[in-house]
Amino acid sequence: EDQVTQSPEALRLQEGESSSLNCSYTVSGLRGLFWYRQDPGKGPEFLFTLYSAGEEKEKERLKATLTKKESFLHITAPKPEDSATYLCAVRLNYGGSQGNLIFGKGTKLSVKP
Amino acid sequence: EPEVTQTPSHQVTQMGQEVILRCVPISNHLYFYWYRQILGQKVEFLVSFYNNEISEKSEIFDDQFSVERPDGSNFTLKIRSTKLEDSAMYFCASSDLQGNQPQHFGDGTRLSIL
């Protein structure tokens, strides 16, 4: 069964304390891995797409990396406004899939000033 | 920046009633999706729609669900006879191409079934 697992479920950081979120996946064919940010009461907001192992993408304090089994979202010197739930999702490359995303449960990040 | 808009933001309905959730996808997008998120659980795929027909649906999307693109801008999800377990956030998403193009999500409709 295709699975996406995110860890930790929750992470509390002090402002400026860098850390990483993990997304591990067990799928037979990966077409793409997506990172989203979700604020309370809002929809997922697109951050990054990663297509192949070794790829990296950066945006402000965030950097996403991808291996054959997992992806990391590195947060450098976070600020309180980075507090949100970060969702990882994969799109499959087999079984006639037309592009639906399989999501993990997310990591709830809290950054204290 | 273009965005996906959903209405209403909150819908309260009696069990057994029909409900229609509305979405306006980003204007040049061709692929449309509905997802749902039960409180505290993962975002789950319901259905994808392209060229005026369903292209894929999940096991959740049973006969009580239907989707429609009634005009050039709206995309709707209808639940015919709501159940308590249909209570969830429903998200609409759209993308301009298939493949690895990201899906852009609206802020959702919170559906509460009483």
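As the structure is a prediction and not an experimental result, all values here were calculated from the model.

Asks: Explain the layout of surface pockets to me, using residue names and the numbers behind them.
Replies: The space that makes up the largest pocket amounts to roughly 640 Å³. For the lining of the largest pocket, the element with the most residues is strand S11 (residues 107-112) of chain A, which contributes four residues. The calculated volume of the second largest pocket comes to roughly 550 Å³. Lining the second largest pocket are 22 residues; nearest its centre among them are Pro 44 and Glu 45 of chain A together with Pro 2, Glu 3 and Phe 105 of chain B. The set of elements that each furnish at least two residues to the lining of the second largest pocket consists of strand S5 (45-50) of chain A together with strand S1 (5-7) and strand S10 (104-105) of chain B. In terms of residue class, the lining of the second largest pocket is made up of six nonpolar, nine polar and seven charged.

Asks: Break down the environment of Ser 9 of chain B for me, citing the residues and quoting the values.
Replies: Residues and elements named next belong to chain B. Tracing the sequence through the fold places Ser 9 in the loop between S1 and strand S2 (10-13). On the basis of relative accessible area, Ser 9 is assigned to the exposed category, the value being 57%. C-alpha separation for the pair Ser 9 and Met 89, spaced 80 residues apart in sequence, amounts to 9.4 Å.

Asks: Can you break down the state of the cysteines residue by residue, with the values?
Replies: If you walk through the whole model with that rule in mind, you get two disulfides over all chains. The disulfide that involves Cys 23 of chain A links it to Cys 88 of chain A, with 1.9 Å between the sulfurs. Handedness of the Cys 23 of chain A-Cys 88 of chain A disulfide follows from its S-S torsion of about -60 degrees: it is left-handed. Linking Cys 23 of chain A in strand S3 (residues 19-26) with Cys 88 of chain A in strand S9 (residues 84-92), this pair joins segments that are 65 residues apart in sequence. For Cys 88 of chain A, a relative accessible area of 0% corresponds to the buried category. A sulfur-sulfur separation of 2.0 Å characterises the disulfide bridge that pairs Cys 23 of chain B with Cys 92 of chain B. Judged by the sign of its S-S torsion, about -65 degrees, the bond between Cys 23 of chain B and Cys 92 of chain B is left-handed. Of this pair, Cys 23 of chain B sits in strand S3 (residues 19-24) while Cys 92 of chain B sits in strand S9 (residues 88-95); the two residues are 69 residues apart in sequence, bridging distant segments of the chain. Given the relative accessible area of 1%, Cys 23 of chain B is considered buried.

Asks: Tell me about the sheet that holds strand S8 (residues 70-75) of chain A, and name the residues and values.
Replies: Strand pairs in the sheet, formed through backbone hydrogen bonds, run parallel or antiparallel to each other. Residues and elements named next belong to chain A. What the five strands build is an open sheet, ordered S1-S3-S8-S7-S6; its pairing is antiparallel. Whereas interior strands pair on both sides, the edge strands pair on one side only; in this sheet they are strand S1 (3-7) and strand S6 (56-59). Shown here is a sheet whose adjacent strand axes are inclined to one another by a mean of 15 degrees, direction ignored. Pairing between S6 and strand S7 (residues 62-66): four bridges, direction antiparallel. Opposite Lys 57, over in S7, you have Ala 64 as the bridge partner.

Asks: Explain the side chain of Ser 58 of chain B residue by residue, including any values.
Replies: Residues and elements named next belong to chain B. Following the sequence through the fold, Ser 58 ends up in the loop between strand S6 (53-57) and strand S7 (65-68). Polar contacts involving the side chain of Ser 58 include one to the main-chain carbonyl oxygen of Phe 45, which spans 2.8 Å. Residues contacting Ser 58, with those up to four places away along its chain left out, are Phe 45 and Leu 46.

What counts and what doesn't
Residues numbered from 1 in each chain as written. Chains lettered and ligands numbered in written order. Predicted model: local features only at pLDDT ≥ 70, side-chain atom pairs only at ≥ 80, totals over all residues. Heavy atoms only, no water. 1 Å grid on protein atoms, 1.4 Å probe; cavity = no way out; pocket = protein on both sides within 12 Å on 5 of 7 lines; lining within 4 Å. Points joined across faces, edges and corners; volume = space filled by probe spheres on them. Helix = DSSP H or I, 4+ residues; strand = E, 2+ residues; numbered from the N terminus. Nonpolar A, V, L, I, M, F, W, Y, C, P; charged D, E, K, R; others polar. Buried < 20%, exposed > 50% of the residue type's maximum accessible area, 1.4 Å probe, protein only. Disulfide = S-S within 2.5 Å. Pairing = 2+ DSSP bridges. Axes fitted to C-alpha atoms, helices over the stretch in contact; angles between N-to-C directions. Polar contact = N/O pair within 3.5 Å; in protein donor to acceptor, adjacent residues only side chain to side chain. Contact = heavy atoms within 4.5 Å.

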